[in-house]
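Below are the chains, spelled out letter by letter.
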Amino acid sequence: MTFTQAIDLLSIKSVQDKTRFLKFFLFELTIMNRAILDDHTTSDKTKIICLKWSNELDHRLGNLLFEFERGKEKESVTKFANHLIFYQKQSKELSRHLTATFKSSIRRFNSI
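Chemist: What is the right way to look at the packing of helix α3 (residues 44-69) against helix α4 (residues 76-88) in this model?
Modeler: If you want to describe how two helices pack, look at the angle between their axes and the distance between the axes. Two elements in contact, α3 and α4, have axes whose closest approach is 10 Å; the angle formed by their N-to-C orientations is 180°. In this view, α3 runs roughly antiparallel relative to α4, as classed from their interaxial angle. Packed against α3, whose contacting residues are Trp53, Glu56, Leu57, Arg60, Leu61, Leu64, Glu67 and Phe68, the element α4 presents Ser76, Lys79, Phe80, His83, Leu84, Phe86 and Tyr87 at the interface. Here the residues of the contact of α3 with α4 sort into nine nonpolar, two polar and four charged.

Chemist: Just to check I follow, could you spell out the side chain of Lys18 for this structure?
Modeler: With respect to the secondary-structure elements, Lys18 resides in helix α2 (residues 15-38). In contact with Lys18, other than residues within four places in its own chain, are Leu10, Ser11, Lys13, Phe68, Glu73, Ser76 and Val77.

Criteria and cut-off values
- Residues numbered from 1 in each chain as written.
- Predicted model: local features only at pLDDT ≥ 70, side-chain atom pairs only at ≥ 80, totals over all residues.
- Heavy atoms only, no water.
- Axes fitted to C-alpha atoms, helices over the stretch in contact; angles between N-to-C directions.
- Helix = DSSP H or I, 4+ residues; strand = E, 2+ residues; numbered from the N terminus.
- Parallel < 35°, antiparallel > 145°, perpendicular 65-115°, else oblique.
- Contact = heavy atoms within 4.5 Å.
- Nonpolar A, V, L, I, M, F, W, Y, C, P; charged D, E, K, R; others polar.

Quick look at the structure:
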């Protein structure tokens, strides 16, 4: 499933499903951060850059989750997609990790 297809699928889901997916993604983001930190082939400088941007993304998604839970999720999937696109552009290494994290979250979401 492509990124666009996954975003289109999420767009038509209920608020409850969108919230569930976002929680899956945030959980996977934690695992991603551990993988970045434990990657012995990546320089410390690159790790810091990745973790900095990942932390910023985490804050944005936390705010989005709060919107979901308050029932104010208008254009939430678009916001989510735009956040991912923006943060992927910040670092080539982070982009690779975010892609894997997104795919893992979609697989987990679709398995329920």
